[in-house]
Structure formats: C-alpha cells, structure tokens
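As a plain string of letters, each chain reads:
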Amino acid sequence: MLEVVDLVTSYGAVRALDGVSLTVPSGSITAVLGANGAGKSSLLRTISGLVRPRAGTIRLDGADITGRAPEEIVRLGVAHVPEGRGVIAELTVEENLRLGGLWRRDRADQATALAEAYELFPALEERRRRPASTLSGGERQMLSLGRALMPRPKLMLLDEPSLGLAPLLASRIMALVARLRERTGLTVLLVEQNARSALSIADHGVVLGLGRVVAAEHPDKLAADAGLRHAYLGF
Amino acid sequence: MHRFLDLTLNGVSSGMIYAAVALALVLIWRATRIVNFAQGAMLMFTTFIASWAIDRTGSYVVGFVVALAAGLVIGAIAERVLVRPVEGGPPLNAVIVTLGLLVLLEALAGMIWGNIPRSFPPAFTIRGFDVGGSRLLFSPFDLFTVGAVLVVAVGLGLFFTRTNLGLRLRASAFDPEVSRLLGVRVSRMLTLGWALAAAAGSLAGVLVAPAVELGPTNFDVVLVYGFTAAVLGGLDSPTGAVTGGVVLGLVLSYVSGYESSALVPLASLVLLIAVLMVRPGGLFSHAAARRV
C-alpha cells in the first residue's frame, strides 16, 4: 500500500528524517515508535504532503506521490489525523465531520458517511450542534477519527491518538482502531509514544531514533528486546 | 424628539456604510490575518468604474452591478498577485504591500479619471421622506443604503453558515493546515475571501459616493471609520463588524447633531478607546477562545 524509500526531511538545518525507509502492507496496522523528536510526526507530515521532503520517494499503491500537495494526497485516499487531533474548535461537531467528506462531492454518500460516523460515535451525535471547542479530549479524538473516516480512506495516518487521554480511554481508542481495520480493511500507520498500547494492536513495529529506523520487527520481538525497550520505548 | 429621530435614522444609514467597509476588513483579517489598508482605495477604484459604466449606459443598476463585479475581480487579483507572495511572512511585509496598493490605485485613478472630485448619482432621491407634514432627515436613498447593506450582510452570513463553500471558507480561515488535510483547496478559498471582501467594500463605495463625491482620495476617511467599526466589533466577527458600524454611526450622528460636526473625528477616537478599555478584544471578540 505505502512504500517510503530513503526519505529525508529537514526544517532549516535540523534533519527530522535522515533516510527513512519502510513499507506498510495493505490492510495492516504498522506502529511507528520512538521518543520525542525521533521524527515520528515528521514522517506522517511528509507522507501527507504538509512538508516537502529533501530527498527520497513516497509511493502509494505503486504511484509516486512525493512532493504533492496535501489536498491532492487526501483525494488519493490518505487520511491524516494530526497530532493534537486538529479539531477545528470554532466549527460545530457536525461541521467538522461534514468538512471531512466534502471533497467527494457525492451528497448521498456524504449523508451515509455522516450517519455511519454517528453510529460509530453516538456521543458525537448528541453534541452535533455544539462548537467542537466544548468537547472533552476523548470526544475530540473521536471527532477527528470520525472526520478522517468520512471520505472512506484506504490509508489512515494516526499521530499520537492516545496523547493526553486517560489510560482507559486510550486503550478504547486503540481497540477501536483495531476494530475499524477488521471491519473496513483500512490500512493504518500509527505513530505512538505509548509503545505498549500501540504494539498491542500492531502487525508491524518500526522504531525511529533521531530520524533513522533503528529496528523494524514483529511487535512481539520488539517488545521482547530489552535493550531496545530501555533505549527507545520506555517500558 | 423629532431631532432625535432624525439623528438616529441618519446614524443608522451612515453606520451601515461603515459596516460594509468593516465587513470587508474583517473578512480579509479572518482569512489571512492581514489588515487591508488598500480597502479604501479599492472601493474608490470600483466606484470610478461604476461611474464610468453609468456614463456609458445611463443605467444606475448597471453601474451598481459593475461595481460589485469589479470588486470581486480586483479583490481576487490583489490576493493572487500581490498578497500571495507575502502570506505567511512577517506581518509588516503584508502591511507594506497593501499600503503600496493604496498608493498605486490612488495614483492610477488620478491618471485615468483626474484628481478633481466629480459627483456620483444616488440610486434614489436624497430628499427626505415627508411624514405628517414635516420632512425627515432620512431619504429613500438612505433606506436603500440600509437595505442593500443588510441584504449583503445577511446574504454573506447565510452563505458562510449554510453552504458547503461557506464551510470551506470558514475552515480555511480558522485552520488552514487542517483544512488542507481534509481536502480543502485553501489557496482558492483565500482568493475567494478577498474577492467577496472587496465586493462588500465596493458596495460601501457606491453608497457613500453621493455624499463624499468621487475623487482619488475622497474615500480615505471612509476607511478610517470602517476600520474603527471593525475594531469596535472585534475585528474577527462579521456580526461584530455590522454592529460596530451601526454603533459608530449612531454615536457620530448624535455628537454631530447635538454638539458639533467638528467633534466627530475626536468622538470616534473616544468611543474606540472607551470600548477597548472595557472590552480589549472588541464587542464581539472570540480572540481568547481562539488562541487556546
């Protein structure tokens, strides 16, 4: 589904990604782990087009999408749920959701997608006319997940979905991501600092350190590697 | 009592013009965080174009429509050609660009149409309505002014809140990066935002021109009051812009009528300072909520 080769991204003199290569197979959940500043968010931001890479290639289903604009990449079926969730606080819950599916222009399908989002997250339907600023952290995460699903993406880039959530809520979100994959065949590239909960649902684990891939293994092997755990995963 | 009614109606009518200018400034500020100092010159230019169209066709309606259309075009071009390169840069660059556009348009208008102010026709008579044997200081043209600005303000409000395009425009203004991730073509939305704002400004130009006459620098004062109204309303809120315009119009009308018209510029400054002391973000500010 997604193939990243030798990706280099820098902000001024700082190299955020220093030659990252990874593959995300179709229908899989791939977890990208690592400490703060390892380049996890930069990886997602480069894939979704928010940041132009200095070098390297990004391929989606074999097609080169390197350097294309984010509003074009989302049209290819890539949904990026940004860090801090990216809920537009001034808009209502329903406006946020609708915005996610607008580019598809198919009104009937948009209505169906909206109904599905409310079915998935009934709490959002109760608050549909409220400004998104009134939502709690967990509800905001649901809103940005629901919004990203509106155009029925093939690949979802999830940036720290459990950030700032209570442990119980975080594991509920993880279970939901796993369930979405089961149900819709969604491919997920999941970035997490909370390595333990991410590895619990992932099929593949990639560990980043200072902009490079330090390890790419089956989640069980990563979790079993004590050295890796202490140095990069923090558990 | 009769005088109070006169001054109130007069204040509402001139307040609506300030409201239209304030609306133009607020729409651009919301979308691009730029104060468009060229707004006064842009509406001057479109009013000259309207005047030219009225001379050619003899029809006020054609001139009116041409003014709004010219506003859309000039606003879009200004954003694409001049503002686009400085967007996201230091705010001072955008200020200098809009000031440059102000000087450019005023010079161009002088070269094309001359620097001597000329008259511009009102849509309807400016002779006040006769009510119960006495004449009001409120004419059919004033009524037209109030109606036209209300229609445009309410129309814009419905457009922003009820249509998908309006939703995209608002989203782009609030969070351009997230909007792009959701497939909104933000750069087109910015162009559209400038175009709509300039059209609202053009409306103010056509409405105020009969009173101030048409000349390259005659509209500078309208921009000053429009800006005051926008800041009164919080600079971020279209509803605030309209309210700020009406409040300013009323206060200035009372000061001018009961005291002296010489006090009007001072009164607008006093009103501005008084409001900002009580509510630093303006009457309708959401600024605190936005920054979270």
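Residues numbered from 1 in each chain as written. Chains lettered and ligands numbered in written order. Predicted model: local features only at pLDDT ≥ 70, side-chain atom pairs only at ≥ 80, totals over all residues. Heavy atoms only, no water.

*Asks:* Would you mind going over the packing of helix α3 (residues 93-101) of chain A against helix α6 (residues 137-149) of chain A in detail, with residue names and values included?
*Replies:* Residue and element names in this part refer to chain A. Where α3 meets α6, the axes come as close as 7 Å, and the angle between the chain directions of the two elements is 30°. Classified by the angle their axes make, α3 and α6 are roughly parallel. α3 and α6 meet at a crossing whose hand is right-handed. Residue-level contacts link Val93, Asn96, Leu97 and Gly100 of α3 to Leu143, Gly146 and Arg147 of α6. Its residues assigned to classes, the contact of α3 with α6 shows 3 nonpolar, 3 polar and 1 charged. (Axes fitted to C-alpha atoms, helices over the stretch in contact; angles between N-to-C directions. Helix = DSSP H or I, 4+ residues; strand = E, 2+ residues; numbered from the N terminus. Parallel < 35°, antiparallel > 145°, perpendicular 65-115°, else oblique. Left-handed = near helix turned anticlockwise from the far one by under 90°. Contact = heavy atoms within 4.5 Å. Nonpolar A, V, L, I, M, F, W, Y, C, P; charged D, E, K, R; others polar.)

*Asks:* Lay out the nonpolar core with the relevant residues and their values.
*Replies:* One finds Leu99 of chain A together with Phe120, Phe219 and Leu248 of chain B to be the most contacted residues of the largest nonpolar core, which totals 94 residues. By residue number, the principal contributor to this core is helix α8 (residues 186-212) of chain B, which donates 14 residues. By size, the runner-up hydrophobic cluster in this structure holds 46 residues, among which are Val87, Leu114, Tyr118 and Leu228 of chain A. (Core = buried A, V, L, I, M, F, W, Y, C linked by side-chain atoms within 4.5 Å. Buried < 20%, exposed > 50% of the residue type's maximum accessible area, 1.4 Å probe, protein only.)

*Asks:* Can you break down the side chain of Thr30 of chain A residue by residue, with the values?
*Replies:* Residue and element names in this part refer to chain A. As for its position among the elements, Thr30 is in strand β3 (residues 29-33). Judged by its relative accessible area of 0%, Thr30 is buried. Discounting residues that sit within four places of it in the chain, Thr30 has contacts with Val24, Pro25, Val188, Leu189, Leu190, His204 and Val206.

*Asks:* So what's going on with empty space enclosed by the protein? Residues and values would help.
*Replies:* The final tally for this structure, using the stated rule, is 4 cavities of 30 Å³ or more. In this structure, the largest cavity occupies an estimated 100 Å³ of space. In terms of lining residues, the largest cavity is bounded by Leu27, Arg30, Ala31, Phe160, Leu169, Arg170, Ser172, Ala173, Met189, Leu190 and Gly193 of chain B. Every element with two or more residues in the lining of the largest cavity is listed here: α1 (2-32), α6 (164-174) and α8 of chain B. For the lining of the largest cavity, the element with the highest residue contribution is α6 of chain B, accounting for 4 residues. Taken together, the residues of the lining of the largest cavity sort by class into 7 nonpolar, 2 polar and 2 charged. When its volume is computed, the second largest cavity comes out at roughly 50 Å³. Lining the second largest cavity are Val74, Ala79, His80, Gly100, Arg147, Ala148 and Pro151 of chain A together with Leu181 and Leu182 of chain B. For the lining of the second largest cavity, the secondary-structure elements that each account for two or more residues are β6 (78-81) and α6 of chain A. For the lining of the second largest cavity, a count of residues per class yields 6 nonpolar, 2 polar and 1 charged. (1 Å grid on protein atoms, 1.4 Å probe; cavity = no way out; pocket = protein on both sides within 12 Å on 5 of 7 lines; lining within 4 Å. Points joined across faces, edges and corners; volume = space filled by probe spheres on them.)

*Asks:* Residue-level account of the layout of surface pockets, with values.
*Replies:* Residues and elements named next belong to chain B. Volume-wise, the second largest pocket comes out at about 630 Å³. Asn10, Ser14, Tyr18, Val208 and Ala211 are the residues nearest the centre of the second largest pocket, which is lined by 26 residues in total. Every element with two or more residues in the lining of the second largest pocket is listed here: α1, α5 (140-162), α8, α9 (220-232) and α10 (238-259). If one sorts the elements of the lining of the second largest pocket by residue count, α1 sits on top with 6 residues. Looking at side-chain class alone, the lining of the second largest pocket contains 18 nonpolar, 7 polar and 1 charged residues.

*Asks:* Pulling in residues and values, what's your account of the pattern of salt bridges?
*Replies:* With the rule as written, the count across this model stands at 22 salt bridges over all chains. Here Glu87 of chain B makes a salt bridge to Arg84 of chain B, at a shortest N to O gap of 3.7 Å. With relative accessibility at 23%, the residue Glu87 of chain B sits in the partly exposed group. Owing to a relative accessible area of 25%, Arg84 of chain B belongs among the partly exposed residues under this scheme. Within the structure, one salt-bridge network assembled from shared partners comprises Arg104, Asp109, Glu116 and Arg152 of chain A. (Salt bridge = Lys/Arg side-chain N within 4 Å of Asp/Glu carboxyl O.)

*Asks:* Residues and numbers for the pairing of β6 of chain A, please.
*Replies:* All names here are of chain A. Of the two faces of β6, both are covered, the one formed by Val78 and His80 as well as the one formed by Ala79 and Val81. Pairing of β6 with strand β7 (residues 155-159), which is carried by 4 bridges, proceeds in the parallel orientation. Bridge assignment links His80 to a residue of β7, and that residue is Leu157. (Pairing = 2+ DSSP bridges.)

*Asks:* How would you summarise the pairing of β7 of chain A if you had to cite specific residues and measurements?
*Replies:* All names here are of chain A. Among the 5 residues in β7, 5 count as buried, and that is most of the element. The side-chain alternation of β7 yields two buried faces, one formed by Leu155, Leu157 and Asp159 and the other by Met156 and Leu158. Sheet analysis places β7 next to strand β8 (residues 187-192), joined by 5 bridges and oriented parallel. What sits directly across from Asp159, in β8, is Val191. For the handedness criterion, the β-α-β arrangement of β7, helix α7 (residues 167-184) and β8 is classed as right-handed. (Right-handed = clockwise from strand over helix to strand, strands pointing away.)

*Asks:* Describe the environment of Leu92 of chain B, and please don't skip the residues or the numbers.
*Replies:* Residue and element names in this part refer to chain B. Residue placement: Leu92 occurs in helix α4 (residues 91-113). Judged by its relative accessible area of 56%, Leu92 is exposed. In this structure the C-alpha to C-alpha distance between Leu92 and Arg30, which are 62 residues apart in sequence, comes to 17 Å.

*Asks:* Requested: an account of the interface of chain B and chain A, with residues and values cited.
*Replies:* On the chain A side, the residues contacting the 18 residues of chain B number 24 residues. Around 2,100 Å² of area is buried between chain B and chain A when both sides are counted, 57% of it from carbon and sulfur atoms. Of all residues in chain B, Arg180, Leu181 and Leu182 of chain B give up the largest surface area on contact with chain A, accounting jointly for 32% of the area buried on that side. Taking the shortest distance from any N to any O, the salt bridge between Arg170 of chain B and Glu95 of chain A comes out at 2.7 Å. The interface formed by chain B and chain A contains 6 residue pairs in polar contact (both at pLDDT 80 or more). Listing elements by their share of the side of chain B that touches chain A, those giving two or more residues are α6 and α7 (176-181) of chain B. Each residue belonging to the side of chain B that touches chain A can be placed in one class, and the counts come to 7 nonpolar, 4 polar and 7 charged. (Buried area = accessible area lost by both parts, 1.4 Å probe. Polar contact = N/O pair within 3.5 Å; in protein donor to acceptor, adjacent residues only side chain to side chain.)

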